[in-house]
Amino acid sequence: MFRLAAPFLARGSRLLLGGLFAVILSACAAFGTRDVPNLHVVGLDPLPGEGLEMRFALKLRVQNPNDTPLEYDGIALDLLVNGRPLASGVSGQGGTVPRFGEKLLVVPVSISAFDAVRQALGLAANERLERIPYVLRGKLSSGALGARRFTDKGTLDLSGVVR
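Reading across from one edge, S1-S2-S7-S5-S4-S8-S9 is the order of the 7 strands in this open sheet, with antiparallel pairing throughout. The sheet is open, and its two edges are formed by strand S1 (38–47) and strand S9 (147–156), each paired on a single side. Going across the sheet, the axis of each strand differs from the next one's by a mean of 25 degrees, ignoring polarity.

Below, the discussion takes up the layout of surface pockets. Quantified by volume, the largest pocket comes out at close to 440 Å³. Along the walls of the largest pocket sit 17 residues, with Leu44, Leu79, Val81, Leu86 and Leu156 positioned nearest its centre. Contributing elements (two or more residues each) for the lining of the largest pocket: S1, strand S2 (53–63), strand S4 (74–81) and helix H2 (113–125). A breakdown of the residues in the lining of the largest pocket according to their chemical character gives 15 nonpolar, 2 polar and no charged.

Another aspect to go through is the environment of Gly92. Assignment of secondary structure puts Gly92 in the loop between strand S5 (84–91) and strand S6 (95–97). For Gly92, a relative accessible area of 71% translates into the label exposed. Linking Gly92 and Ile75, residues 17 residues apart in sequence, is a C-alpha distance of 6.5 Å. Residues within four places of Gly92 in sequence aside, it is in contact with Asp73 and Gly74.

We now examine the side chain of Asp152. Inspection of the secondary structure puts Asp152 in strand S9. The side chain of Asp152 is buried and forms no salt bridge, while Lys153, the nearest opposite charge, is found at 9.6 Å. Among the polar contacts listed, one links the side chain of Asp152 to the side chain of His40, at a separation of 3.4 Å. A distance of 3.3 Å separates the side chain of Asp152 from the side chain of Tyr134, its partner in a polar contact. Excluding residues within four positions of it along the chain, Asp152 makes contact with Leu39, His40, Val41, Tyr134, Val135 and Leu136.

The subject of this paragraph is the nonpolar core. Membership of the largest hydrophobic core comes to 24 residues, with the highest contact counts inside it found for Leu60, Ile75 and Leu77. Listing elements by their share of this core, those giving two or more residues are S2, strand S3 (70–72), S4, S5, strand S7 (102–112) and strand S8 (132–141). With residues up to four places along the chain from it excluded, the contact list for Leu77 reads Leu58, Leu60, Ala87, Ser88, Gly89, Val107, Val109, Leu136, Arg137, Gly138 and Phe150.

Of the strand pairs in this sheet, S4 and S5 are connected by 7 bridges, and their pairing is antiparallel. Bridge pairing in S5 links Ile75 to Ser91. In this structure, the hairpin formed by S4 and S5 is closed by a connection of 2 residues, where Asn82 is found at a positive phi of approximately 60 degrees.

Rules behind the numbers
- Residues numbered from 1 in each chain as written.
- Predicted model: local features only at pLDDT ≥ 70, side-chain atom pairs only at ≥ 80, totals over all residues.
- Heavy atoms only, no water.
- Pairing = 2+ DSSP bridges.
- Helix = DSSP H or I, 4+ residues; strand = E, 2+ residues; numbered from the N terminus.
- Axes fitted to C-alpha atoms, helices over the stretch in contact; angles between N-to-C directions.
- 1 Å grid on protein atoms, 1.4 Å probe; cavity = no way out; pocket = protein on both sides within 12 Å on 5 of 7 lines; lining within 4 Å.
- Points joined across faces, edges and corners; volume = space filled by probe spheres on them.
- Nonpolar A, V, L, I, M, F, W, Y, C, P; charged D, E, K, R; others polar.
- Buried < 20%, exposed > 50% of the residue type's maximum accessible area, 1.4 Å probe, protein only.
- Contact = heavy atoms within 4.5 Å.
- Lys, Arg positive; Asp, Glu negative; His and termini not counted.
- Salt bridge = Lys/Arg side-chain N within 4 Å of Asp/Glu carboxyl O.
- Polar contact = N/O pair within 3.5 Å; in protein donor to acceptor, adjacent residues only side chain to side chain.
- Core = buried A, V, L, I, M, F, W, Y, C linked by side-chain atoms within 4.5 Å.

Structure (structure tokens):
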């Protein structure tokens, strides 16, 4: 009896796998390929802090290079300066970045007193404050499609600010 069921099961498995493959391909085609949004730091404003922390409103410009709107419902990020962690923040704000458009996001970030001291010591050891590297890493949550990870790298010129 098992010999009679085996060919039927094998044929059913092939049909099931073929159907599953077709569904996966059609789902990929429906979502299409989407370019990663561009996020750039454009400002940093002070906020009231608690105890030994400093708080800032980090302003990010989000650019959507896609031909469909980008909906988001949260953001998380980490800012490294001079190779060391400096600030991190999260926000549950949501909205839409229009197709081939941009939007300004404001994310509250925290800097611990210990990270600030580490940064100050690192900057004091660096005689030239013209090219301090920074890296911004994070993810922009886009609901059912998951999160879109991003990285922004650049340099800061602190020579006119810190003497």
